[in-house]
Amino acid sequence: MYSQNTPDSNRNSINLVILVILIISTFLVPPTMLGLKYTFISLPLLIFALVLFILTRGRHKLKISRKAMVLLVAIWCYYFYLCIQSVYFGGYFKVDYLKSIVSITIFVFVFSIVFSDSVIRYLYFKLFIGILLFFVVSNIFTITLSLLIGAEKLLIFEIPMHEDTYKLQVFFPFTVTFGRMNFFGDIVMRLSALFREPGIAQAFYIWAFVVSHRYYISKLVKPLLLLGTVMTLSTTGFVLLAAVIFLTVVLEKFNFKRILLSSLFVVLAGGVYLVVPGLSLESKNAESYEARVGKLEQANELFIENPLFGTGASNAFIEGTSTSLLQQAYAIGSVGVLLFLVICFIGFIFELRDWKVYLLSIFPVISTALIAQPIYDSSILYLFVLASHTYPLRTR
């Protein structure tokens, strides 16, 4: 007796390899922590995954979706505008834009082709959500142990990622964190998963909270993802989570129990965040407020003077205004902001059959890019604009 590998089993094995490569590549580009240093590894890995995909399907079966093509054209128009505008108003060409367009194009192109296989697409997002859940569970253990024996004793290793600003710190059992807070004399970790900052992680935890029922049937998944959002201790995260719950009430069929439980969770977490020393808005966010609102007021004055085309993308000279796209409006102008919004709107147009879930899921990611974090030029953002969460029953 002997076992013989069938074509289907070989293909499934290769699909598994492709899936792992896609996940690794995702967490090697900004706005992840590893993306600060190892982006150069991601693109060759993606090309390798595409080659494997071609070898198992044949070139004649390859296709790129119409949504991806329109999305790529819109992205190219956006970056072409930034390049021309920066040269015309600023007098020089920003090489970063060229790097971004190459990276984003390869990212969207490869994922669009590989995602033509609905099984791989389904497993990719299921695994992505699973990784977020893993870090929530790990952080629960880390916080509990840190309150008992202290956080410093739980540090396994740290790797400098960007000068002295960012360090990849891993705490037992496997919690990756950026930023800690004093909680009645004890240090509490802010959950960042594998993202650069907790303020970025919150957007993807809320996204996962919205779509997780398409991938997991366990009733524990959504509460854990809600807890993950809270564990980021992000002001933006609390606001966006409340907004998503409100939009759910407005858009979805009314479910009193679900809305009540979610609302109570947000109210209780928000109450802690408002009054507990070390976690409160008063003690935490003076600097954060200045970085987002204070700088925005300065940027708005320049925007009013140059509302259409801005001062030039290469003339973004107000220190600290690179946090969000709207803070950059004075530099890129209304045209630049509108071109970015067109990119986001394309995803909505192509998901009209499932527009409620798509809108609720992409809302926290786009909102974070607009008002809070510099993720508007990240490949992952455009991947989630490209994403679809509707599948045949056989993949469930």
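The coordinates are above.
All of these numbers come straight from a predicted model, not from anything done at the bench.

Draft legend 1. Spotlight on the environment of G310. Tracing the backbone through its elements, the reader meets G310 in the loop between α11 (286-305) and α12 (329-349). Of the residues examined, G310 reaches a relative accessible area of 6% and is grouped as buried. Spatially, the C-alpha atom of G310 lies 4.6 Å from that of A331, the residues being 21 residues apart in sequence. What G310 contacts, discounting residues up to four positions off in sequence, is Q85, F89, Y330, A331, I332 and G333.

Draft legend 2. Quick look at helix α14 (residues 379-386). Summarising burial for α14: eight of the eight residues are buried, a large majority. For α14, every residue scored as buried is listed here: S379, I380, L381, Y382, L383, F384, V385 and L386.

Draft legend 3. Structural detail: the pattern of salt bridges. Tallied over the full model, the rule gives two salt bridges. Between D354 and R214 there is a salt bridge, with its nearest N and O atoms 2.8 Å apart. Pair noted here: D354 is in the loop between α12 and α13 (355-371) and R214 is in the loop between α6 (198-211) and α7 (221-231), with a separation of 140 residues, a long-range link.

Draft legend 4. Looking closely at the packing of α6 against α7. Their axes nearest at 9 Å, the elements α6 and α7 cross at an angle of 165°. In terms of their interaxial angle, α6 and α7 are classed as roughly antiparallel. For the crossing formed where α6 meets α7, the hand is left-handed. Residues Y205, I206, A208, F209 and V210 of α6 touch α7, and the partners they reach there are K222, L225, L226, G228 and T229. When its residues are assigned to classes, the contact of α6 with α7 shows seven nonpolar, two polar and one charged.

What counts, and where the lines are drawn
Residues numbered from 1 in each chain as written. Predicted model: local features only at pLDDT ≥ 70, side-chain atom pairs only at ≥ 80, totals over all residues. Heavy atoms only, no water. Helix = DSSP H or I, 4+ residues; strand = E, 2+ residues; numbered from the N terminus. Buried < 20%, exposed > 50% of the residue type's maximum accessible area, 1.4 Å probe, protein only. Contact = heavy atoms within 4.5 Å. Salt bridge = Lys/Arg side-chain N within 4 Å of Asp/Glu carboxyl O. Axes fitted to C-alpha atoms, helices over the stretch in contact; angles between N-to-C directions. Parallel < 35°, antiparallel > 145°, perpendicular 65-115°, else oblique. Left-handed = near helix turned anticlockwise from the far one by under 90°. Nonpolar A, V, L, I, M, F, W, Y, C, P; charged D, E, K, R; others polar.

Limitation: the analysis is restricted to geometry and does not speak to function.
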